[in-house]
Every structure is written in C-alpha cells, then in structure tokens.
Amino acid sequence: MALTPKSGNCGIVLSKNGTAAGTYTDISGTTQSNTALTTAYTAQGDAAVGGRYFSIVYGGAGSALSLFVDVALSVATDVKLKVQVRYDSSGTWTDIQSVRGDTGTTLAEHTFVAGSFALQTASITSTGECRVVAKATAGGPLALADSVVFKARSLCAFQRAAPRQLHRCQPAQQRPCRQANPSQLLLRRQLIICERA
C-alpha cells in the first residue's frame, strides 16, 4: 500500500547498508534503491519524484523535526549521523546540532551502536532544506547486515492547509463569534515541510 504524506510524516529519508542491496518505499509510494553505507559521510541520493527529493525535508515556520533511527551492525563497530541544512537548492550543506532522545546530548555528530533511537531538532525554522548523512566505523569490508534507516516526522503538516477563514457575528447574535480551533489555525500558518512550496 502506498504511503500518504500527511500529518507531518516524511517517511524514510535515509536507507543505507554495506552493500547497497535492496529497496525501500518513500513517502510518495515510490520504490527507491538503498544506497551504500561507507566510511565517509553520504546522504541518501534518492531519485527525484515529480521534481522532489523525498530524502530532503523542506523547512518552514516552526518546523521542529523528529528523526527515528534504526541501526544494525555486523562488521561495523558504530554508525555516525549528522543533520544538515542549507538555504536553498544552490546552497552549501552545513551541520546543525540535534538532541539525542535517550541521553539528552546535544551535538552536531552522534554515534550509535545497534538499536533504535530518536534525534530531535529544537527547530529548523531558519532553513529551506534539511537532510541527514551517515557513515560507519568499519572493522573490515562492510556487509549487508551493516545498515541504518532514518524516518522523519515534523511538527508541520505535509499538505498545504486551507486559507484561514474569517468568522463574523451576525448582528442579531448576542454571543461571541465561534473561532476556529487554535491548533487548526496553527497548522494553517505553517509552511509545507516535506515538499517544495
């Protein structure tokens, strides 16, 4: 079943293993190839779908990001991860700090052994694009069982919300206007996080 990009779900934004074998399904429902986990930092390098790269999170106002990490090790002794941002598609990727959920440690580079973990950003308000990169510390040639998978969720909704509606009282009404739910208004003020505006 194809995934539906909504409710801040950006799906898999990075899927790597030591031999680049296998595939995964991105948030658009498109089958993408896993890419190689190496001893140098690399991004996902997925194929564009409709002019968008779903491994890149497109940021907007109040776009706090949660990243869910699954790491498996065979030959590798650990996997190192970074969150990077840039101004736009012509800009240079630069590292930003993120918070490791299980320890509370705030760093630009996190080191993980096998297991499942979470990273969070306080905000990516000031950026246009965000991605994750990974590398392994190898004790020999990396294997299929050396892998890392990132899934992302954002505070912002993926889909563009409807324009804000004005609520006016009728002259005969003697009670306050009914206002929209504050959480709905908040979503209406958000920019698209997982697709280009």
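Predicted model, so just to flag it, every value in this text is computed and none were measured.

### Some thoughts on the overall build of the chain
At step 1: The number of helices and strands found in the chain is 1 helix and 14 strands.
At step 2: Taking all 197 residues of the chain together, the buried fraction comes to 39%.
At step 3: Pairs at least 24 residues apart make up 72% of the contacts formed inside the chain by residues separated by at least 6 positions.
At step 4: Of the roughly 10400 Å² that the chain leaves accessible, carbon and sulfur atoms contribute 53%.

### Describing the nonpolar core
At step 1: Grouped together as the largest cluster of nonpolar side chains are 25 residues, with contacts concentrated most on Val13, Leu67, Leu81, Val148 and Phe150.
At step 2: Elements represented by at least two residues in this core include exactly β1 (9–17), β6 (65–72), β7 (76–86), β12 (115–120), β13 (129–138) and β14 (147–154).
At step 3: The residues contacting Phe150, other than those within four sequence positions of it, are Gly11, Ile12, Val13, Leu14, Leu67, Phe68, Val69, Leu81, Leu119 and Val132.

### Looking at the sheet that holds strand β4 (residues 35–36)
At step 1: With mixed pairing, 7 strands are arranged side by side in an open sheet as β4-β1-β14-β6-β12-β9-β10. Both edges of this open sheet fall to β4 and β10 (106–107), since each of them pairs with a single strand only.

### Thoughts on unusual backbone geometry
At step 1: In this structure, Ala20 takes a positive phi of about 60 degrees despite not being glycine.
At step 2: Mapped onto the elements, Ala20 comes out in the loop between β1 and β2 (23–25).

### A closer look at the pattern of salt bridges
At step 1: According to the stated counting rule, one finds 3 salt bridges in the structure shown.
At step 2: Measuring nitrogen to oxygen at the nearest pair gives 3.0 Å for the salt bridge that ties Lys82 to Asp95. In this pair, Lys82 is assigned in strand β7 and Asp95 in strand β8 (residues 94–96), connecting sequence segments 13 residues apart.
At step 3: The class of Asp95 is partly exposed, set by a relative accessible area of 36%.
At step 4: Note that Asp102 and Arg100 form a salt bridge whose closest N and O atoms lie 2.6 Å from each other.
At step 5: Exposure remark for Arg100: the relative accessible area of 14% places this residue in the buried category.

### Comments concerning the confidence of the model for the chain
At step 1: Here the chain averages 78 in pLDDT, and 70% of its residues register 70 or above.
At step 2: Contacts for the low-pLDDT stretch residues 1–5, under 50 throughout, to residues beyond four places or in other chains number 10 contacts.
At step 3: Within the model, the stretch residues 157–197 combines pLDDT values under 50 with 65 contacts to residues more than four positions away or in other chains.

### Considerations on the environment of Cys10
At step 1: Note on placement: Cys10 falls in strand β1.
At step 2: Relative accessible area serves as the criterion here: at 2%, Cys10 is assigned to the buried category.
At step 3: Distance in space between the C-alpha atoms of Cys10 and Ser55 is 8.3 Å, their sequence separation being 45 residues.

### A word on the pairing of strand β11 (residues 109–112)
At step 1: Where burial is concerned, the two faces of β11 differ: the one with His110 and Phe112 is buried and the one with Glu109 and Thr111 is not.
At step 2: Bridge count between β7 and β11: 4 bridges; the pairing is antiparallel. Across the sheet, residue Lys80 finds its bridge partner in β11, namely Thr111.

Calculation rules
Sequence order sets the numbering: in each chain, residues are counted from 1 along the sequence as written. Side-chain atom pairs in this predicted model are given and counted only at pLDDT of 80 or more, local residue features only at pLDDT of at least 70, and totals for whole chains, interfaces and linings cover all residues. To obtain the side-chain values, all non-hydrogen atoms of the structure were used and water was disregarded. Helix and strand assignments follow DSSP, with helices taken as H or I runs no shorter than four residues and strands as E runs no shorter than two, numbered in order from the N terminus. Three labels apply to residues, based on accessible area from a 1.4 Å probe with only protein chains included: buried if under 20% of the type maximum, exposed if over 50%, partly exposed otherwise in between. Residues are treated as being in contact if the distance between any of their heavy atoms lies within 4.5 Å. Residue burial considers only the protein chains on display, and all accessible areas are found by Shrake-Rupley using a 1.4 Å probe. Residues belong to a common nonpolar core when they are buried Ala, Val, Leu, Ile, Met, Phe, Trp, Tyr or Cys residues joined through side-chain atoms within 4.5 Å. Each pair of strands is called paired provided DSSP finds at least two bridges between the two strands. One side-chain nitrogen of Lys or Arg within 4 Å of one carboxyl oxygen of Asp or Glu is enough to make a salt bridge. Per-residue confidence from the predictor is given as pLDDT, running between 0 and 100.

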